Amino acid sequence: MHLGRTTLSQFLIQQLKGSDQQAALADLLVDIAAAVKAISSMTAKGALAGVLGSLESQNVQGETQKKLDLLSDKAFINTFHLGGLVAGMASEENEHPIVFDDLEAPGAFLAVFDPLDGSSNIDVNVSVGSIFSILKAPEGRLPGLADFLRPGKEQIAAGYAVYGPSTMLVLTVGQGTHGFTLDREMGNFILTHPNIQIPAQTSEFAINTSNERFWELPVLRYIEECKAGKTGPRGRDFNMRWIASMVADVHRILMRGGVFMYPRDTKDPSKPGRLRLMYEANPMSLVVEQAGGKASTGHGRILEVQPDQIHQRVPVILGSSEEVDRIAGYHEAG
Ligand code: F6P
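No experiment lies behind these values; they were computed from the predicted model shown.

(A) Structural view of the nonpolar core. Core analysis: the largest hydrophobic core is formed by 43 residues, its most contacted members being Leu25, Leu28, Leu29, Ile32, Phe80, Ile134 and Leu169. A per-element tally of this core places helix α2 (residues 20-45) first, with 11 residues. Those residues in contact with Leu169 that lie beyond four places of it in its chain are Leu8, Ala33, Val36, Phe132, Tyr160, Ala161, His178, Gly179, Phe180 and Phe189. Membership of the second largest hydrophobic core comes to 38 residues, among which are Ile253, Phe260, Met278 and Val287.

(B) Spotlight on the environment of Leu254. Among the structural elements, Leu254 can be located in helix α6 (residues 246-256). A C-alpha to C-alpha distance of 9.6 Å links Leu254 and Gly292, two positions 38 residues apart in sequence. Excluding anything up to four places from it in sequence, Leu254 contacts Tyr160, Val170, Thr177, Ile196, Gln197, Ile198, Val287 and Ala291.

(C) Main features of the site of the ligand. Around the ligand, 13 residues are found, and the nearest of them are Asp117, Asn208, Met246, Tyr262 and Glu280. Between the ligand and the protein, one listed contact pairs an oxygen atom with a side-chain N or O atom of Asp117 at 2.8 Å. Contacts to the ligand include Asn208, whose side-chain N or O atom sits 2.9 Å from an oxygen atom. Out of a free accessible area of 400 Å², the ligand has 85% covered by protein chains.

(D) A look at the sheet that holds strand β15 (residues 294-296). A sheet is described by the order of its strands in space; here 5 strands give the open sequence β12-β11-β13-β17-β15, paired in mixed fashion. The open sheet has two free edges, formed respectively by β12 (239-240) and β15, since each of these has just one partner strand. Here β15 pairs with strand β17 (residues 316-319) via 3 bridges, running antiparallel. For Lys294, the partnering residue across the bridge sits in β17 and is Gly319. Packing against the sheet, helix α7 (residues 277-290) makes contact with β15 and β17, and its axis sits at approximately 25° to β17.

(E) Summary view of the packing of helix α1 (residues 8-15) against α2. Where α1 meets α2, the axes come as close as 9 Å, and the angle between the chain directions of the two elements is 160°. Relative to α2, the element α1 lies roughly antiparallel. Both α1 and α2 take part in a crossing whose hand is right-handed. Together, Leu8, Ser9 and Leu12 of α1 and Ala26, Leu29, Val30 and Ala33 of α2 make up the contact between the two elements. Of the residues assigned to the contact of α1 with α2, the class counts are 6 nonpolar, 1 polar and no charged.

What counts and what doesn't
Residues numbered from 1 in each chain as written. Predicted model: local features only at pLDDT ≥ 70, side-chain atom pairs only at ≥ 80, totals over all residues. Heavy atoms only, no water. Core = buried A, V, L, I, M, F, W, Y, C linked by side-chain atoms within 4.5 Å. Buried < 20%, exposed > 50% of the residue type's maximum accessible area, 1.4 Å probe, protein only. Helix = DSSP H or I, 4+ residues; strand = E, 2+ residues; numbered from the N terminus. Contact = heavy atoms within 4.5 Å. Near = heavy atom within 4 Å. Polar contact = N/O pair within 3.5 Å; in protein donor to acceptor, adjacent residues only side chain to side chain. Areas by Shrake-Rupley, 256 points an atom, 1.4 Å probe, with all protein chains shown as cover. Pairing = 2+ DSSP bridges. Axes fitted to C-alpha atoms, helices over the stretch in contact; angles between N-to-C directions. Parallel < 35°, antiparallel > 145°, perpendicular 65-115°, else oblique. Left-handed = near helix turned anticlockwise from the far one by under 90°. Nonpolar A, V, L, I, M, F, W, Y, C, P; charged D, E, K, R; others polar.

Here is the structure:
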């Protein structure tokens, strides 16, 4: 394939040739790209389109919803509904899964997504994103809650869009992680970052250090050692970055390595972490693993976690494999 000339559709036809199910998955990913284009256009217009600011409403986790959260959610729901390929979907903005029971036949897939991740950044014009996870739908019947509650290793596709200086779509169908850049004039996503590989080592970490007093010992140890720099046990200087949009932070790690952490902490002991397993941690973990990185809770692979709720949270440590192994090792050591 000629780099810079391969469109998303051409790429997917190549990667997903074979069964009808694979062809349908390619169509679904093209549908997702259409929703992403619509959201990209809204985020790019910003205040001019009157889409900034908050609503009166809160989502199921008690967070104030932004206008763009709901507009983005609608863009995905409409795309999935019209496309007819999805039997049901769940998102950050809806308490319960939505089942499309008015289709001629139930679609072959389930979609779980965060329509606009990092929404605290919307109003200050900093990168935000969308994250999606695709599972197989049950055959011949409408899906129920249990059909959604599958461990991340069962995802058949996952990815994210980052609405930054350029809009990029990064995805995997289990054959590597690939990045596409939106050519706004042509309206196409073009393959610009084939076979992304995360370096195994890094000297950069991403964590919200304002939570330091709530961290558990293994995380404290890791960050202390990084901060000690050249004269500390790691023998080199580390850098820190925190955008506070998971999509943008993870995108940076895919581009140049690093480790991203939102670990379990003692801030609110009823929560096992901040990030949501099904529509943040799982899709990002698959993307990262397919790029040669690792993703752990500190005590095991994120993709092995059996969900018991759509909106459940999980500790997240992901990125360069040797660093994730090191942090997991510190958790094992207790
Ligand atoms: O969805 C949660 C999220 O906005 C992530 O995108 C981001 O990584 C994190 O929260 C930011 O958390 P904090 O507000 O603690 O920096």
